[in-house]
Amino acid sequence: DLRDEATTDIRRVNVSLPVVASADRTDYGLIIATNDYDEWDDLTNPVFDANTIAQELSDHYGFKVEKLLNPTTGQIISKLREYSKRTYLPNDQLFIFIAGHGQFDEVFSDGYIVGKNSKTNDEAKESYISHSNLRTIVSNIPNNHIFLTMDVCFGGTFDRAVAKRGQDADGMYNDLATAEFVERKLKHKTRLYFTSGGKNYVQDGRPGAHSPFARKFLEALRNYGGRDKVLTTEEIWGYLETLPMEPHKGEFEGNQPGSDFVFVAR
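These remarks concern the structure in this document. (Residues numbered from 1 in each chain as written. Predicted model: local features only at pLDDT ≥ 70, side-chain atom pairs only at ≥ 80, totals over all residues. Heavy atoms only, no water.)

## Notes on the environment of I77
Within the secondary structure, I77 is located in helix α2 (residues 73-84). A C-alpha to C-alpha distance of 8.7 Å links I77 and L134, two positions 57 residues apart in sequence. (Helix = DSSP H or I, 4+ residues; strand = E, 2+ residues; numbered from the N terminus.)

Written out as structure tokens, the structure reads:
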């Protein structure tokens, strides 16, 4: 009797998961750039570079971008403090870009970010932001994945070893499928940095043509991660490492082995 028979219909459904669901992650960008200085010589391209990079991140990578243009050192510290007081989800990322003048002090053996109000005659460096202070502030922002990029003179001295005269963070997951690749990257705490040079001056570039460092960084962003639409710091480094002013990369306090920062194109 057909009424007594139980029929089971088994269907297999293949579901393609997104690389990283947007609900799992918010990407933040804090873009800091200074052209106009009270006492230092004005620059041409930092604000232009910052505006262009900010637009790329917002339009093509879905970043929530905030720009801080021509700030004083106090305004920079206050803004970083704001980001330190925020609450983040485990997979959230924070990209910080700083462009403008930089300085190095041989006596203190430390590099400095120059703000709009930094004084040319300031032996105590009270009107500057030291790299050692910047490292402490940024490393303590309660976001698991932070990537700091500095297009400033003497930026490589952010690395203590360079200041005393990089250290490379090798990728671990190059052969994984895209979804697993990104998932594993976001499991590890990230504290990575790139700088446009070492213990040296770097070029501002021709007016309206971007600095050499920003130009290469934009080339990397505009590759949109290639076929998998995932741009890693190692891929970005491939665009930057041949620049004549010898960019540096490395890690700072809190970085875990195998970490990375991913730019996922939309």
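Once the structure has been displayed, the description carries forward.
## Remarks on the sheet that holds strand β6 (residues 128-130)
Within the open sheet, the three strands sit side by side as β4-β5-β6. Their pairing is antiparallel. Of all the strands in the sheet, just β4 (102-105) and β6 have a single pairing partner and so form its edges. Going from strand to strand, the sheet's axes swing by 35° on average, the running direction of each strand aside. Pairing of β4 with strand β5 (residues 110-114) involves four bridges; the strand directions are antiparallel. Paired with F104 across the bridge in β5 is G111. (Pairing = 2+ DSSP bridges. Axes fitted to C-alpha atoms, helices over the stretch in contact; angles between N-to-C directions.)

## Topic: the packing of aromatic side chains
If you walk through the whole model with that rule in mind, you get 19 aromatic pairs. Measuring from ring centre to ring centre gives 5.7 Å for F95 and F217, while their planes differ by 15°; the resulting arrangement is stacked. By the ring-pair criterion, three or more aromatic residues cluster together here, those being Y61, F63, F95, F97, F147, F194, F213, F217, Y224, W237, F261 and F263. (Phe/Tyr/Trp six-rings, centres within 6.5 Å; stacked < 30°, edge-to-face > 60°.)

## Concerning the packing of helix α1 (residues 46-61) against helix α6 (residues 212-221)
What describes two packed helices is the angle between their axes and the distance between those same axes. Following both chains from N to C, one finds α1 and α6 inclined at 10°, their axes separated by 11 Å at the closest point. The angle between α1 and α6 places the two elements in the roughly parallel class. Note on element contacts: α6 touches α1 through A214, F217, L218, A220 and L221, opposite D49, T52, I53, E56, L57 and Y61. Classifying every residue of the contact of α1 with α6 by side-chain character gives eight nonpolar, one polar and two charged. (Parallel < 35°, antiparallel > 145°, perpendicular 65-115°, else oblique. Contact = heavy atoms within 4.5 Å. Nonpolar A, V, L, I, M, F, W, Y, C, P; charged D, E, K, R; others polar.)

## What to know about the sheet that holds strand β2 (residues 64-69)
As summarised here, the arrangement of the six strands in space is β2-β1-β3-β7-β8-β10, forming an open sheet in which the pairing is mixed. Each having just a single partner strand, β2 and β10 (248-251) make up the two edges of the open sheet. Between one strand and the next, the sheet's axes are offset by a mean angle of 10°, whatever the strand orientation. In the sheet, strand β3 (residues 93-100) pairs with strand β7 (residues 145-152) via eight bridges, with the strands oriented parallel. Note on β7: the bridge partner recorded for Q93 is H145. Sheet strands in contact with α1 are β1 (27-33), β2, β3 and β7, and its direction is about 170° off that of β2. Of the strands in this sheet, β7, β8 (190-195) and β10 touch helix α7 (residues 233-240), which is tilted by about 10° from β8.

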